[in-house]
Structures are given as structure tokens and as C-alpha cells.
Amino acid sequence: MKTRFLAQMLIVITFISSSAYAGWGAKSSKELLAETESTIKMFRDSDPAMARFFEKAYGYAVFPTVGKGGIGIGAAYGKGLVYEQGKAVGSTSLKQVSIGFQLGGQAYSEIIFFKDKRDLEHFKSGNFQLGATASAIAVTKGASADADYSDGVAVFTRPKGGLMYEATVAGQKFTYTDN
């Protein structure tokens, strides 16, 4: 049993440390800004109803690529930018660990909208995390029409590639740094 657990951990560590996977390599701030702007455009084009979130949210965090993988134990990581009233104000990273039935790897984009200043400030404080009960809406045309905030946040994802089978308990933890 210990050998199996150690093998799983080795796979997860290898996955996390692979900077080539999902574009995790070091990027300049210009490259990250370009990827973030492209991701925003992709979300807007995929579902025009999302315009209301971009227009009315006090702020949002955009992760152009989140890479995720696991075998029994999994992990995910992504870098992005935080916007306050439409202007990029800082950088952020997302880390996730999951335990449960899972096999595979995938990459996706994620946007977290913050309803008001208090919600964005909570995110920027460094104590923000999305728990196992948080749910994300997969963006397709019209998917956001009935979407609303839960505890001051609305989370949207869009798959980029890969295949992941899972029934896991996971939580996303975030860091924030001012520009």
C-alpha cells in the first residue's frame, strides 16, 4: 500500500514540476497580459450573455490555463491576472489538491467574478479559497444566462484539452500580488 501511495505521489509531483505542461513556463508580464486578454475574448465570444458579468462585476481573476492531473491523488496549477473595474491590478496563482477517484489530465481556462469590492478585497487578502461545495459553470453559448453569484463569486471554466475522469473532493487556494 505504501509503495502504491508513493508511486502516486511521484506521478503528481512530476506532473506539477513539469513546466512544459499547459504552458506553465515562466512568462513575461506582457505575455501573461496577452494570454489573459485573449482568454477574456474567448469567454465573451463563447457566450455573449457573459457580458453582464464583465460589465457589472467589481472585479475578476482570469486564469488563461489551469493544468490538472492525477491518479487517485491529483493537483492543479495556473497563473493569471486580477482585474478591478476593468483594469489589471495584480497577478494571482491557483493551486489545487484533490483526493478521490481520478485518472488523467486536462487543461482549462477559468474566470472568477467578484460581485463587489468586499468580495474582491477578500480574494486579494490571501485567505481566499474555493471549497469542495463551490461549483463552476462550463461556458457554452447561453450557459451564463441563468448564472448568478454564490457568496459573492461566480466561477466559469472552459476546457482547452485533455481527458480527466474524476469524482473527487478538491479545494482551490489562491495567492495574490499587486502589480
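Everything quoted here is computed from the prediction, not taken from an experiment. The written sequence of each chain sets the order in which its residues are numbered from 1. Given that the model is predicted, a residue must reach a pLDDT of at least 70 before its local features are reported, and side-chain atom pairs must reach 80 or more before they are shown or counted; all residues, however, enter totals for whole chains, interfaces and linings. The basis for the side-chain values is all heavy atoms of the structure; hydrogens and waters are excluded.

1. Concerning the packing of aromatic side chains
Only rings of Phe, Tyr and Trp enter the pairing, Trp through its six-membered ring, and a pair is recorded when the two centres are within 6.5 Å. The plane angle decides the type: under 30 degrees is stacked, over 60 is edge-to-face, the rest tilted. Tallied over the full model, the rule gives 14 aromatic pairs. Taking the centre distance of 5.2 Å and the plane angle of 85° together, the rings of Phe-54 and Tyr-60 count as edge-to-face. Judged on exposure class, the residue Phe-54 and its partner Tyr-60 are both buried. Seen from their ring centres, Tyr-60 and Phe-113 are 5.6 Å apart, and the 55° between their planes marks the pair as tilted. Of this pair, Tyr-60 sits in strand 1 (residues 59–84) while Phe-113 sits in strand 2 (residues 87–114), and the two are 53 residues apart along the sequence. Phe-113 shares its class with Tyr-60; the two are buried. One aromatic cluster is present, built from ring pairs that chain together Phe-53, Phe-54, Tyr-60, Tyr-83, Phe-113, Tyr-149 and Phe-156. Throughout, exposure labels follow a simple rule: accessible area from a 1.4 Å probe, protein chains only, divided by the maximum for the residue type, with under 20% read as buried, over 50% as exposed, and the rest as partly exposed. A helix here means a DSSP run of H or I that spans at least four residues, while a strand means a run of E at least two residues long, and both kinds are numbered starting from the N terminus.

2. Digging into the environment of Thr-36
Within the secondary structure, Thr-36 is located in helix 2 (residues 29–46). Spatially, the C-alpha atom of Thr-36 lies 9.6 Å from that of Ser-109, the residues being 73 residues apart in sequence. Contacts of Thr-36, omitting those with residues within four sequence positions, involve Val-62, Pro-64, Leu-81 and Tyr-83. Contact criterion: two residues are considered in contact whenever any of their non-hydrogen atoms come within 4.5 Å of each other.

3. Brief notes about the pairing of strand 2
DSSP-based pairing: two strands are paired if at least 2 bridges between them are found. Looking at chain direction, strand 1 and strand 2 are connected through 23 bridges and run antiparallel. In the sheet register, Lys-68 faces strand 2, and the bridge partner there is Gln-106. What sits between the antiparallel neighbours strand 1 and strand 2 is a turn of two residues, in which Gln-85 has the positive phi angle 50°.

4. Section: the confidence of the model for the protein chain
Confidence of the predictor at the level of single residues is captured by pLDDT, which takes values from 0 to 100. Averaged over all residues, the pLDDT of the protein chain equals 82, while 77% of them reach at least 70. Below pLDDT 50 for its whole length, residues 10–23 participates in 23 contacts with residues either more than four positions away or in separate chains.

5. Regarding the pattern of salt bridges
Should a side-chain nitrogen of Lys or Arg be within 4 Å of a carboxyl oxygen of Asp or Glu, the pair is scored as a salt bridge. The final tally for this structure, using the stated rule, is five salt bridges. We note a salt bridge from Asp-119 to Arg-118, for which the minimum N-O separation is 3.8 Å. The exposure class assigned to Asp-119 is buried, which follows from its relative accessible area of 8%. Of the residues examined, Arg-118 reaches a relative accessible area of 62% and is grouped as exposed. Where Lys-124 meets Glu-121, a salt bridge forms, and the shortest distance between an N and an O atom there is 3.6 Å. With Lys-124 and Glu-121 both in helix 4 (residues 117–124), this residue pair falls three residues apart, about one helical turn. With a relative accessible area of 34%, Glu-121 lands in the partly exposed category.

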